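Notes for the structure review
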Amino acid sequence: MALLAVVLVGANLASAADEKKTAGSYPALVAASEIKGTGVKNLKNEDLGKIEEVLIEPDGGQVRFVVVEVGGFLGLGATKVAVPWTAFQLSKDGNKPKWVLDADKERLKNAPKVEGKNYERLYTRAAAEPVFVYWRIIWVEPSPSTSISPSLSSSPSPSPSP
Amino acid sequence: MNTTETERGAATLLAASEIKGTKVTNFQNQEIGDIDEVLIEPDMGQVRFAVLSVGGFLGLGSTRVAVPWRAFQIVKASGKVKCMLDATREHLEKAPRVDGKNYERLYPAAAAEPIFVYWDVEWIAEPETAAR
């Protein structure tokens, strides 16, 4: 009986922790084709613009940048800026993700711009890393094509068993 | 999968809106279908699956299967991005299907991991999942 009680308490704690972790994050896969046109707000709930494109690093499949079209908010006409995916906070808003970016007008105004559809330019580290630095996101070198990077595969953390 | 460094790599970023409809061929150079959707893990922005719409190749009518991104070989040939997948008709026939747009189902590790196993791609738990 005592053992059962311990197990139950343990289960409760685990589910509470799960809930805490998922709060404020989006608990589903995001369909790329549904992202375009999605509005982005800042922490003050001001509209910053809308998402124009999602740029994927081909080898590992990491989304590197989200291209945001900044509208009249800046009073500068339409401008496009590249923002690392992890700079956004995604949360659940009905059946769709809500996109929030911690940025005020000044920050967007000075952000690295994207000209046209010349996304190839953003592929090289030399071009991409400053964008990450601007948005205070740690640049992670894309993993090599087929294998997991050595630091990951030699990591002592055990993989969870189902 | 015997992939070499030189075969792989498109040396450009792929625009998600342009991936849809990209033709996928297998190693026998048969056209097996086209990419219908790209599904992104929200926290880190890792593409987990590409949903492949398998056309008449199977003789089964249109079928959609979820394939881990890393199962594809993406190459750039004469300026165009090309997607290759090491999959015979038989392998596709038995592959885990996707019904409709119910992508939420593919989010939990319990649903996603078997698909990685099927395609022989190492499942990497999201940091969040791993921490549990």
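In this text the structure is predicted, and so the values were computed from the model without any measurement.

1. Some details on the overall build of chain B
- The helix and strand inventory of chain B stands at four helices and seven strands.
- Of the regular secondary structure in chain B, the N- to C-terminal order runs β-α-β-β-β-β-β-β-α-α-α.
- Relative to its 132 residues, chain B shows a buried fraction of 48%.
- Long-range pairs, those at least 24 residues apart, make up 52% of the contacts in chain B between residues at least 6 apart in sequence.
- If you sum the accessible surface of chain B, you get close to 6200 Å²; carbon and sulfur atoms cover 50% of it.

2. Considering the layout of surface pockets
All names here are of chain B.
- Put simply, the second largest pocket is a space of about 450 Å³.
- In terms of lining residues, the second largest pocket is bounded by 20 residues, among which Leu-14, Glu-18, Thr-22, Lys-80 and Val-81 are the most central.
- Only strand 1 (14–15), helix 1 (16–19), strand 2 (23–25), strand 6 (72–77) and strand 7 (80–85) provide two or more residues apiece to the lining of the second largest pocket.
- In terms of residues, the lining of the second largest pocket owes the most to one element, strand 7, which gives four residues.
- The residue makeup of the lining of the second largest pocket, split by class, is nine nonpolar, four polar and seven charged.

3. Thoughts on the confidence of the model for chain A
All names here are of chain A.
- On average, residues of chain A score 78 in pLDDT, and 70% of them reach the 70 mark or higher.
- Mean pLDDT values over the elements of chain A span from 38, in helix 4 (residues 150–153), up to 96, in helix 3 (residues 125–134).
- Segment residues 145–159 is flagged for pLDDT under 50; beyond a separation of four residues in sequence, or across chains, it makes 11 contacts in the model.

4. Examining the pairing of strand 4 (residues 62–70) of chain A
Residues and elements named next belong to chain A.
- Across the nine residues of strand 4, seven count as buried, placing the element largely inside the fold.
- By the bridge criterion, eight bridges tie strand 3 (residues 47–57) to strand 4 in an arrangement that is antiparallel. Bridge pairing in strand 4 places Ile-51 opposite Val-68.
- As consecutive antiparallel partners, strand 3 and strand 4 are separated by four residues, and within that stretch Gly-61 has a phi angle of approximately 80°, a positive value.
- Pairing geometry for strand 4 and strand 5 (residues 79–84), over six bridges, is antiparallel. Among the inter-strand pairings, Glu-69 is bridged to a residue of strand 5, identified as Lys-80.

5. Re the pattern of salt bridges
All names here are of chain A.
- Under the criterion given, the structure shown has six salt bridges over all chains.
- Notably, a salt bridge pairs Asp-47 with Lys-41, separated by 3.2 Å at the nearest N-O pair.
- Of the residues examined, Lys-41 reaches a relative accessible area of 24% and is grouped as partly exposed.

6. Here we look at the packing of aromatic side chains
Residues and elements named next belong to chain A.
- The tally for this structure, following the rule as stated, stands at eight aromatic pairs over all chains.
- Ring centres of Trp-85 and Trp-99 lie 5.1 Å apart, and the angle between their planes is 80°; this geometry places the pair in the edge-to-face category. Here the residue Trp-85 occupies a position in the loop between strand 5 and strand 6 (88–93), and Trp-99 occupies one in strand 7 (residues 96–101), the gap between them amounting to 14 residues. Summarising the burial analysis for this pair, Trp-85 and Trp-99 share the class buried.
- Through pairs of rings, three or more aromatic residues link up here, namely Phe-65, Phe-132 and Trp-139.
- Note that Arg-107 overlies the ring of Tyr-134, its terminal NZ or CZ placed 4.4 Å from the centroid.
- Geometry around Trp-135 places Arg-107 over its ring, the cationic atom sitting 5.2 Å from the centre.

7. So, empty space enclosed by the protein
Residues and elements named next belong to chain B.
- In the structure shown here, the tally under the stated rule is two cavities of 30 Å³ or more.
- In this model, the largest cavity occupies a volume close to 50 Å³.
- When contributions to the lining of the largest cavity are tallied by element, the ones reaching two or more residues are helix 1 and strand 3 (31–41).
- Taken together, the residues of the lining of the largest cavity break down into four nonpolar, two polar and three charged.

8. Observations concerning unusual backbone geometry
- Within the chain, Arg136(A) stands out as a residue other than glycine whose phi angle is a positive 55°.
- Considering the arrangement of structural elements, one finds Arg136(A) in the loop between helix 3 and helix 4.
- On the accessibility criterion, Arg136(A) (68% relative accessible area) is exposed.
- One non-glycine residue, Asp120(B), adopts positive backbone phi at about 60°.
- Topologically, Asp120(B) is positioned in the loop between helix 3 (109–118) and helix 4 (127–131).
- What makes Asp120(B) exposed here is its relative accessible area of 67%.

The rules behind the values
- Residues numbered from 1 in each chain as written.
- Chains lettered and ligands numbered in written order.
- Predicted model: local features only at pLDDT ≥ 70, side-chain atom pairs only at ≥ 80, totals over all residues.
- Heavy atoms only, no water.
- Helix = DSSP H or I, 4+ residues; strand = E, 2+ residues; numbered from the N terminus.
- Buried < 20%, exposed > 50% of the residue type's maximum accessible area, 1.4 Å probe, protein only.
- Contact = heavy atoms within 4.5 Å.
- Areas by Shrake-Rupley, 256 points an atom, 1.4 Å probe, with all protein chains shown as cover.
- 1 Å grid on protein atoms, 1.4 Å probe; cavity = no way out; pocket = protein on both sides within 12 Å on 5 of 7 lines; lining within 4 Å.
- Points joined across faces, edges and corners; volume = space filled by probe spheres on them.
- Nonpolar A, V, L, I, M, F, W, Y, C, P; charged D, E, K, R; others polar.
- pLDDT = per-residue confidence, 0-100.
- Pairing = 2+ DSSP bridges.
- Salt bridge = Lys/Arg side-chain N within 4 Å of Asp/Glu carboxyl O.
- Phe/Tyr/Trp six-rings, centres within 6.5 Å; stacked < 30°, edge-to-face > 60°.
- Lys NZ or Arg CZ within 6 Å of the ring centre and 35° of its normal.

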